[in-house]
Amino acid sequence: MKLYAQHGYGEGEKINQGLQKGIISGAVYSAKDITPDRLNNRLSEIAASSPSAARIFDPQYYVSLIGSDPNIRLGKLEEYPYFSIRRRSQLESNQLIADEIRKVIEFQISLPVTAIISPNILISRSFDSVKAVIAKNFIRQAKGIYEQFSDNRPLYVTLAVSREALIDFTELEAFLNDVTLLNSPPDGFYLLVGARSIEARTDLYHADIIANWMLLNYSLKINGYQIINGYSDLISPFLGAVGGDIGCTGWWSNLRIFSMDRFAPEATGGRLPVQRYLSTKLLNRITFYELGALRRIIPNVANGLPMDEEYEGEPERAIEVLQSWEALSSLLAIITASGDSSKNLEKCAEAIKSAEDLYTSIKARYRLDPKSDDTHLEPLQEGMNLFKKRAEI
Amino acid sequence: MVSHVIHRDIKPDNVMKLNRKDRSYVLLDLGIAFSIVDTPLTFNASNRLPPGTYRYLAPEMLQPGFRESLDFRSDMYAAALTVYEYAAGQHPLAKSKDDLIATLSRIVRESPKSLRVYRDDLSPFLIGTIDQMLKKIPALRPSNINMLIGKLEENT
């Protein structure tokens, strides 16, 4: 599994440096955070400086249905020619869906992207809903419309699902049975799983969500699709273990969890969060000062990777994301090395067990910040077990 | 291309070997085959099961709402079951002492043992493919026939 940068506000040199260091393989640009002209320039620059890097653009069409909210923050999205605010009832028309897909694809055709992302809405409550039917129409029509452009880049269709919808296994099963049987299949899916808020980490660190997110990857891969998991961050290794091709993560917390919260008004007056260190051994991030303290008593908490040197004291903010990408890439390489789901899952189980043991050692000698603790391990373990049961592995 | 015809009774008795290089086997008896787009499904009047041989029914055919979503992956399941039985010398779920209900219950609830248990001399890819085609959830069976044939030719 490869790792892409999930682009957002404040790119600076982060993506360039990540590509130069070889710790990310591409980037997914976000319409909200870059103007169309600047996007074109950035993609061209990356194509020139890192020709092998994947360059993808998320059109963020899923915001269309919430665009009429008076408090919405659309950012640069309004400057994109395909973007309009829509009501659900309008999208019950197949013709309008076809027109919307055409506009989004047409915009991307002239961009130096390496793959095209077809739009979709967010399935917000249930797979057994009007929105799910609309989403299936977006999926079904995409390839046929794309073929009219005679372009040979791969086509990925957005599949954006809220955790409320994903949590129901029976409905997911019926939905999967439909979307794995398409007359005109795309090359792959750009998969987004939405939490209620970017602060609600437990929304996604929930056994059913992890199991069903893994099942989506597993099923789509068996049926020959490529899968890009947007905003998958530290869940990526578990998705890669069962077939996911790409995981993505960015530099702010709202680029590590997908939520429509990104388009809500920002709370003002907050302090910048303390820089964190992604420990592959803990499958979690800890603060830089926790790392400093733990290194002296439990050195194994550090990854032993080149970016560790930058954490001797308080690291610069730009370093944090590079360390995160380096650690996650390394973890992905370890977990998904065999290419065999059963063996990869064994690696996942080993990683969880090692993290549990390490946390046990830490607890005896040091008190961690609540965000750095081990509450993520149980849902990961249970989610993996549930997935294995549902996938009969 | 998605097929609109479901055979519904693939089993060893309905597969005949030919002495032709270009066509080694032929599938017989399309007596209860139907087109998804034309023909309504019927029940067997005697036991209310869908028509077919119950030992080879795919798990989804035993679900109450199966008529809404039945597709060719049920045939893929039965084809894999047929190959499994041929290779292993036994049906992976039906037992000789079972009555109808016990067998149907196994079809819905039990995962078959991997074909590897009986035939570890076969290619791991072939074994993996047969095991995968026997999954309970149709979406977990490979549905892209061309891709499947290509991979089988490449790996066996």
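Structure first, text after, so check above.
Here the structure is a predicted model, which is why all the values come from computation and not from measurement.

## Description of the overall build of chain A
If you tally the helices and strands in chain A, you get 13 helices and eleven strands. Taking 2.2 N^0.38 as the reference for a compact globule, 393 residues should give roughly 21 Å; the C-alpha atoms of chain A span a radius of gyration of 20 Å, in line with that estimate. Structurally, chain A occupies a C-alpha span of about 65 × 45 × 40 Å along its principal axes. Counting over 393 residues, chain A shows a buried share of 59%. Expressed as a percentage of contacts within chain A between residues at least 6 apart in sequence, the contacts between residues at least 24 apart total 71%. When the accessible surface of chain A is split by element, carbon and sulfur atoms take 47% of a total near 15500 Å². Of note, chain A has its 43 positive side-chain charges centred 1 Å away from the centre of its 49 negative side-chain charges.

## Side note on helix α12 (residues 341-365) of chain A
Note that an α-helix has 3.6 residues per turn; residues three or four places apart therefore point the same way. Residue and element names in this part refer to chain A. Over its 25 residues, α12 runs 37 Å from end to end, which matches the ideal 36 Å to within 8%, given 1.5 Å per residue. Taken together, the buried positions of α12 are N344, L345, C348, A351, I352, A355, L358, Y359 and I362. Against α8 (207-222), α9 (236-241), β11 (284-287), α10 (288-297), α11 (317-335) and α13 (377-390) lie the buried residues of α12. Here α12 starts with a cap whose side-chain oxygen sits 3.1 Å from the backbone nitrogen of S342, and that cap is D340.

## Remarks on the environment of M61(B)
With respect to the helices and strands, the residue M61(B) is situated in the loop between β4 (34-35) and α1 (73-88). Separated by 79 residues in the primary sequence, M61(B) and L140(B) have C-alpha atoms spaced 16 Å apart.

## Considering the pattern of salt bridges
Residue and element names in this part refer to chain A. Taken as a whole and judged by the stated rule, the model has 30 salt bridges over all chains. With a shortest N-O distance of 2.4 Å, D33 and R262 are connected by a salt bridge. Of this pair, D33 sits in the loop between β2 (26-30) and α2 (36-49) while R262 sits in the loop between β9 (246-249) and β10 (276-279), and the two are 229 residues apart along the sequence. Judged by relative accessible area, D33 falls into the buried class, the value being 16%. With relative accessibility at 4%, the residue R262 sits in the buried group. The closest approach of N and O atoms between D99 and R102, which form a salt bridge, is 3.5 Å. Here the residue D99 and the residue R102 both occupy positions in helix α3 (residues 94-109), the gap between them amounting to three residues, near one helical turn. Overall, the relative accessible area of 28% leaves R102 in the partly exposed class. Sharing partners across several salt bridges, the network here consists of E11, R38, R42 and E45.

## Re the pairing of β10(A)
All names here are of chain A. Side chains of β10 alternate between two faces, with R276 and L278 and Y277 and S279 buried alike. Inspection of the sheet shows β10 paired to β11 by four bridges, in the antiparallel sense. Paired with S279 across the strands is N284, a residue of β11. Joining the antiparallel neighbours β10 and β11 is a turn of four residues, in which L283 adopts a positive phi near 55°.

Definitions and limits used
Residues numbered from 1 in each chain as written. Chains lettered and ligands numbered in written order. Predicted model: local features only at pLDDT ≥ 70, side-chain atom pairs only at ≥ 80, totals over all residues. Heavy atoms only, no water. Helix = DSSP H or I, 4+ residues; strand = E, 2+ residues; numbered from the N terminus. Rg over C-alpha atoms; globule rule 2.2 N^0.38 Å. Buried < 20%, exposed > 50% of the residue type's maximum accessible area, 1.4 Å probe, protein only. Contact = heavy atoms within 4.5 Å. Areas by Shrake-Rupley, 256 points an atom, 1.4 Å probe, with all protein chains shown as cover. Lys, Arg positive; Asp, Glu negative; His and termini not counted. Charge placed at Lys NZ, Arg CZ, Asp CG, Glu CD. Expected span 1.5 Å × (residues − 1). Polar contact = N/O pair within 3.5 Å; in protein donor to acceptor, adjacent residues only side chain to side chain. Salt bridge = Lys/Arg side-chain N within 4 Å of Asp/Glu carboxyl O. Pairing = 2+ DSSP bridges.

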